Amino acid sequence: MTEPISVAWPPGPIGTERLVLRESEARDRPAFVELFSSPEVGTHIGGARPRDELERAMPEVPGRRPGLFVVELDGAMIGTTTLDRRAPESPRRVRPEGGEAELGYLFLPKAWDNGYAAEACAAALGWFGGAFPGEPVVLCTRTANERALRLAAKLGFTEVERYEEYGAEQWFGVWFPAPPSD
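Note that this is a predicted model, so its numbers are computed, not measured.

1. Some words on the environment of Glu135
Inference 1: By the secondary structure assignment, Glu135 is in the loop between helix H4 (116-131) and strand E6 (137-142).
Inference 2: It is 20 Å that separates the C-alpha atoms of Glu135 and Ile14, two residues lying 121 residues apart in sequence.
Inference 3: Residues contacting Glu135, with those up to four places away along its chain left out, are Arg85, Arg95, Phe128, Trp175 and Pro177.
Inference 4: Within the local environment of Glu135, its side chain forms a polar contact with the side chain of Arg85, the two groups lying 2.8 Å apart.

2. Quick look at the packing of aromatic side chains
Any pair of aromatic rings gets described here by the distance separating the centres and the angle formed by the planes.
Inference 1: Taken as a whole and judged by the stated rule, the model has six aromatic pairs.
Inference 2: On the numbers, 6.4 Å between centres and 80° between planes, the contact of Trp127 with Phe132 is edge-to-face.
Inference 3: Between Phe128 and Phe132, the ring centres sit 4.8 Å apart and the planes meet at 25°, which makes this aromatic pair stacked. A single burial state applies to Phe128 and to Phe132, both of which are buried.
Inference 4: Linked through ring pairs, Trp9, Phe69, Trp127, Phe128 and Phe132 together constitute an aromatic cluster.
Inference 5: In this structure, Arg85 is placed above the aromatic ring of Phe132, and the distance from its NZ or CZ to the ring centre is 5.0 Å.

Thresholds, definitions, all that
- Residues numbered from 1 in each chain as written.
- Predicted model: local features only at pLDDT ≥ 70, side-chain atom pairs only at ≥ 80, totals over all residues.
- Heavy atoms only, no water.
- Helix = DSSP H or I, 4+ residues; strand = E, 2+ residues; numbered from the N terminus.
- Contact = heavy atoms within 4.5 Å.
- Polar contact = N/O pair within 3.5 Å; in protein donor to acceptor, adjacent residues only side chain to side chain.
- Phe/Tyr/Trp six-rings, centres within 6.5 Å; stacked < 30°, edge-to-face > 60°.
- Buried < 20%, exposed > 50% of the residue type's maximum accessible area, 1.4 Å probe, protein only.
- Lys NZ or Arg CZ within 6 Å of the ring centre and 35° of its normal.

As structure tokens, then:
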């Protein structure tokens, strides 16, 4: 288990052109169940979970933790974006002491191919860059996930290395916030 990002949480809602990033609420529970039971989403996270299991186990307000933003479009949750601290002992790191934040995101399939992931992740990275000036963010994905690789490039991540894990080639990249302008 990794440590959460350490800042006052939650920040106020973050608005983009089309989206709002905010803390989770009880009304998001059905969307969380749909997200984690989706076979399409499950392809990228080690498999979908059974809907009935999620209905029983999911808390009333799911995802309420530092580093997790619900992504909302027109008042409804369409996905999440996360910034979680990696374990310092992780073999993949860009700082000698490790513990970098890792960007993650999951979107309902009906929200795919509309640029929402790029918009939400860019907003989350913008918030992170302001909250943690100069700190890098890392991203890991399978090289077979072409959408994720395109998004990583669009967001400004650069490749650090490729490696084998979970029976597939993985991509590990890093993003650094822009230095503050004077």
